[in-house]
Amino acid sequence: MNDDDRFMLQALREARDAAEDGEVPVGAVVVCGGRVIGRGHNQREMLHDPTAHAEMIAITAAAGHLESWRLEECVLYVTLEPCAMCAGAIVLARLPRLVFGAFDPKAGACGSVLDIVREPRFNHRVEPEGGVLAEECGHLLKEFFKARRTQVGGNGQDSGPGGDPLEGLSG
Ligand SMILES: [Zn+2]
């Protein structure tokens, strides 16, 4: 198993923690020098905070650990393609590399809807790599939304950041 798969599994573990709390299952870890220095999972419901995405929490934890806002030596792993807010935070943190699992055709800002991390007019660009353990990452989200649709009676509304991120996918 390569490093990317290994760290994505850790992000998946975070995502499962989110699902157990009834949160949309997205998880993230920040890795520096082969070590996880920040982790987080989506906590929007619990914290009543629209900004409490997995990536934001993991980035804040990593910066606290390093006592620096610059994450120039770090890699962020996240189970779902980051949204516009998180992609912005990834650029601001000067992360050189981003690895994500499932693509988000409805809200992804790392190539799907927007491409904030590779925007040439910004003063920092991030090298994204999508599709790492995409099946596992996407499966977790699909199962979560399937269960929730059954619970709420089937209209599928309020289904998370930008709606059900995988609704548009055929698989
Ligand atoms: Zn986000």
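As the structure is a prediction and not an experimental result, all values here were calculated from the model. (Residues numbered from 1 in each chain as written. Predicted model: local features only at pLDDT ≥ 70, side-chain atom pairs only at ≥ 80, totals over all residues.)

### Focus on the packing of helix α3 (residues 54-66) against helix α4 (residues 84-92)
1) Next: Where α3 meets α4, the axes come as close as 9 Å, and the angle between the chain directions of the two elements is 20°. The angle between α3 and α4 falls in the class roughly parallel. Crossing handedness for the pair α3 and α4: left-handed. Residue-level contacts link E55, M56 and I59 of α3 to C86, A89 and I90 of α4.
2) Next: Grouping the constituent residues of the contact of α3 with α4 by class yields five nonpolar, no polar and one charged. (Axes fitted to C-alpha atoms, helices over the stretch in contact; angles between N-to-C directions. Helix = DSSP H or I, 4+ residues; strand = E, 2+ residues; numbered from the N terminus. Parallel < 35°, antiparallel > 145°, perpendicular 65-115°, else oblique. Left-handed = near helix turned anticlockwise from the far one by under 90°. Contact = placed C-beta atoms within 7 Å. Nonpolar A, V, L, I, M, F, W, Y, C, P; charged D, E, K, R; others polar.)

### Topic: the sheet that holds strand β5 (residues 127-129)
1) Next: The strand order β2-β1-β3-β4-β5 describes an open sheet built from five strands, whose pairing is mixed. The sheet terminates laterally at β2 (35-41) and β5, the two strands that pair on one side only. With strand direction ignored, the average angle separating the axes of adjacent strands in the sheet is 20°.
2) Next: Two elements, strand β1 (residues 27-32) and strand β3 (residues 74-80), share five bridges in a ladder whose sense is antiparallel. Each bridged residue has a counterpart across the sheet, and for V31 the counterpart in β3 is V75.
3) Next: Where helix α1 (residues 3-20) meets the sheet, its contacts fall on β1, β2, β3 and β4 (97-102), and the angle it forms with β1 comes to roughly 140°. (Pairing = 2+ DSSP bridges.)

### A few points about the pairing of β4
1) Next: With respect to burial, β4 is a largely interior element, five of its six residues being buried.
2) Next: Tracing the backbone out of β3, into α4 and back to the parallel element β4 gives a crossover that is right-handed.
3) Next: Alignment of β4 against β5, held across three bridges, turns out to be parallel. Bridge assignment links L98 to a residue of β5, and that residue is P128. (Buried ≥ 20, exposed ≤ 12 C-beta atoms within 10 Å, placed from the backbone. Right-handed = clockwise from strand over helix to strand, strands pointing away.)

### Considering helix α5 (residues 134-152)
1) Next: With 19 residues, α5 ought to run about 27 Å at 1.5 Å a step, and its terminal C-alpha atoms sit 27 Å apart, in line with that.
2) Next: Every buried residue of α5 is accounted for by C137, G138, L140, L141 and F144. End-on view of α5: buried residues confined to an arc of 155°, all on one side of the axis. Structural note: α5 exposes E135, E143, K146, A147 and T150 on the side pointing more than 90 degrees away from its buried face.
3) Next: On its buried face, α5 is in contact with α1, β3 and β4. (Expected span 1.5 Å × (residues − 1). Arc of directions from axis to C-beta.)

### Some words on the nonpolar core
1) Next: By size, the foremost hydrophobic cluster in this structure holds 48 residues, and its most contacted members are L76, Y77 and I90.
2) Next: Contributing elements (two or more residues each) for this core: α1, β1, α3, β3, α4, β4 and α5.
3) Next: Not counting residues up to four positions away in its chain, the partners in contact with L76 are A28, V30, E55, A58, I59, I90, L95 and L98. (Core = buried A, V, L, I, M, F, W, Y, C linked by C-beta atoms within 7 Å.)

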